[in-house]
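Coordinates in review
The chain contents come next:
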Amino acid sequence: MTNASTSPVKKAVIVAVFLSLGSKFLAFFKDIVLANFFGVGIASDAYFIANLIPGLLWLAILTTISAAFLPQYMKLKIESGNKDIVFVRQSVRLYAYLAMALSLACIAFADQIVNLSAPMAGADTHELAAQLTRLMALAFVFTGYVGVQNSLQQANGAFIAPLFVPVTNNMIVIAAIIIASYFDNIAVAVVGAVCAWVIQAPIQRWQTRHIYSMQIGWRVSEQTWKRLSLLSVPIALAVLLDQLNIFIGISIASGFGSGAISHLNYSSRLALFAAGLFSWLVSYFLFPALASNAAKNDHIANGKLLTRGLSIILLSTAPIAAVALAMRTEIVTLVYGRGAFTPRDIADTAIVFGFYSLGIIFISMRELLNRMFFSYQKTITPLMIGVGAALVNLVASFVLSRQMGVAGIALGAVAGALFYSVFQIWLLRRWKPVLITRDLLLMFIVTVSASSAAYGAGSIFLEQIRDWHYFLRLCSVSILMLTLYVALAIFLLRVVGIKLANLRNLLRESAP
């Protein structure tokens with residue numbers, strides 16, 4: 001292929017990477033702004049409680065659209081006629097009906113939802129959280145509509161435009177939080193979040209205007225709703241169970257007094273940011289190819305894709321996890337340590353973040369492994385894995401929190417994440433052994449070993465420079481750890497027989 005033909009693709013990938021990383025950093029910055037202006041207290045606790053159930057339902061809708069709608073649409077697109085267009089129109093209606101039902105349910109049962117999410121929260125926190133829950137529920141219709149438009153673009157090779165959605169949304173929410181601080185009313189921030197989705201709906205529809213034409217109507221054929229329902233229900237339940245770790249954490253943390261929920265959420269969001277920095281983008285680009293290979297029963301090609309994707313995720317995430325664990329206090333100080341966020345809040349959040357850091361690698365692998373199951377329309381499998389992981393998390397969090405406080409909740413969540421990822425790999429290995437290659441297993445061993453050694457060296461060096469300014473400690477130790485990680489990873493890759501030239505080719509072939 002000539003340079004002229006590959007150049008646009010490379011440019012598109014570069015833009016996509018910047019947009020994805022930009023959205024991640026903006027989401028991260030959103031939490032920084034929240035911590036700076038609202039700190040830890042009733043307002044922040046209520047905000048996190050109110051985000052829980054609506055947030056889980058929002059994520060379930062978007063994941064379902066991507067995992068259930070996209071493969072079906074691609075299959076119908078190959079067939080003759082306009083079956084794909086009819087399917088799109090009816091899918092938009094079906095998801096709109098579902099979103100409206102969820103919105104009405106959240107508005108009507110907001111008090112019960114808060115009771116379920118944080119049963120031991122104080123009266124003031126409960127009242128504010130119920131108010132915010134009702135406001136957040138108003139966005140469901142727009143999130144579902146935007147989700148369909150994004151999946152359509154992705155299925156038709158337009159990867160860039162959908163990535164502008166989280167960038168724009170996060171910018172609007174950040175502005176809303178700042179305005180909310182001026183009025184000392186966290187509800188203003190929630191209204192801003194709803195408005196962000198309202199603004200996105202016409203923008204994304206404009207992007208898909210050439211893919212399908214709108215048609216006024218209310219009908220959804222039996223075939224369409226059955227096709228989507230049979231696939232969507234297990235996926236939605238799997239997402240809810242996968243995210244049940246957050247629900248379990250908030251529920252248990254509500255019994256540790258005002259601020260405990262905020263400490264838990266600030267630290268978990270920081271860990272999720274680290275885990276998803278590269279993993280989401282890799283999954284986003286590879287999923288259409290995984291679904292296409294699955295439709296052709298090309299399991300060898302999917303095994304290679306999975307190896308490429310997880311190799312990128314492991315190589316990039318393992319050192320981040322090591323630095324996060326070693327420099328937990330310095331990182332929390334840098335990120336949150338200003339404004340209304342007190343030194344005591346820094347210390348408590350850093351302890352919890354340290355335990356969450358233990359699960360960063362496993363959390364980063366989960367999304368792409370789930371996409372592999374979804375590509376084969378094995379939607380029940382992630383659901384069953386989620387049930388087991390939720391039970392592990394619930395028992396571990398309950399027991400450990402009695403001994404370790406809020407930090408025990410974080411460690412319980414890590415136990416659930418470990419169970420989830422290990423069981424995913426084990427089932428794929430038993431179901432289709434060709435999907436889990438030898439190189440993938442070796443890559444996991446290499447990255448974990450190199451990052452563990454880097455963590456050990458960084459911890460020793462950190463003890464020697466405790467009197468330095470926290471920012472100098474963070475920079476010095478991070479540079480040492482990353483340098484050592486790269487050197488050890490290269491050495492270990494040679495030891496296990498993975499040549500660097502082959503690795504470079506493997507990573508290049510991962511580009512869309």
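Quick caveat: nothing in here was measured; it's all calculated off a predicted structure.

**Topic: unusual backbone geometry**
- Although it is not a glycine, aspartate 184 adopts a positive phi angle of roughly 50°.
- Looking at where aspartate 184 falls in the secondary structure, it is placed in the loop between α7 (160-183) and α8 (187-207).
- Using a relative accessible area of 65% as the deciding quantity, one classes aspartate 184 as exposed.
- The backbone of asparagine 297 shows a phi angle near 60°, a positive value even though the residue is not glycine.
- Mapping asparagine 297 onto the fold places it in the loop between α11 (260-295) and α12 (299-326).
- Of the residues examined, asparagine 297 reaches a relative accessible area of 55% and is grouped as exposed.

**What to know about the packing of aromatic side chains**
- If you walk through the whole model with that rule in mind, you get 10 aromatic pairs.
- Seen from their ring centres, tyrosine 336 and phenylalanine 341 are 5.5 Å apart, and the 35° between their planes marks the pair as tilted.
- By relative accessible area, tyrosine 336 is classed as buried at 0%.
- On the basis of an interplanar angle of 35° and a centroid distance of 5.4 Å, the ring pair of phenylalanine 423 and tryptophan 426 is categorised as tilted. Taken together, the residues span about one helical turn, with phenylalanine 423 and tryptophan 426 both in helix α17 (residues 406-431) at a distance of 3 residues.
- An aromatic cluster of three or more residues is present, and its members are Tyr47, Phe48, Tyr266, Tyr336 and Phe341.
- Here the basic side chain of arginine 209 rests over the ring of tryptophan 206, its NZ or CZ set 3.9 Å away from the ring centre.
- If you follow arginine 366 out to its NZ or CZ, it ends over the ring of tyrosine 420, 5.5 Å from the centre.

**What about the layout of surface pockets?**
- One number sums up the size of the second largest pocket: a volume of about 410 Å³.
- Lining the second largest pocket we find 19 residues, and of these Val92, Arg93, Tyr145, Met214 and Gly217 sit closest to its centre.
- Counting only elements with at least two residues in the lining of the second largest pocket, the list comes to α3 (83-108), α6 (140-155) and α8.
- Element by element, the count of residues in the lining of the second largest pocket is highest for α3, at 7 residues.
- For the lining of the second largest pocket, the class distribution of residues is 13 nonpolar, 3 polar and 3 charged.

**Comments concerning the pattern of salt bridges**
- Applying the stated criterion across every chain yields a total of 8 salt bridges.
- Connected through shared salt-bridge partners, Glu330, Glu463, Arg466 and Arg473 make up one network.

About the thresholds
Residues numbered from 1 in each chain as written. Predicted model: local features only at pLDDT ≥ 70, side-chain atom pairs only at ≥ 80, totals over all residues. Heavy atoms only, no water. Helix = DSSP H or I, 4+ residues; strand = E, 2+ residues; numbered from the N terminus. Buried < 20%, exposed > 50% of the residue type's maximum accessible area, 1.4 Å probe, protein only. Phe/Tyr/Trp six-rings, centres within 6.5 Å; stacked < 30°, edge-to-face > 60°. Lys NZ or Arg CZ within 6 Å of the ring centre and 35° of its normal. 1 Å grid on protein atoms, 1.4 Å probe; cavity = no way out; pocket = protein on both sides within 12 Å on 5 of 7 lines; lining within 4 Å. Points joined across faces, edges and corners; volume = space filled by probe spheres on them. Nonpolar A, V, L, I, M, F, W, Y, C, P; charged D, E, K, R; others polar. Salt bridge = Lys/Arg side-chain N within 4 Å of Asp/Glu carboxyl O.

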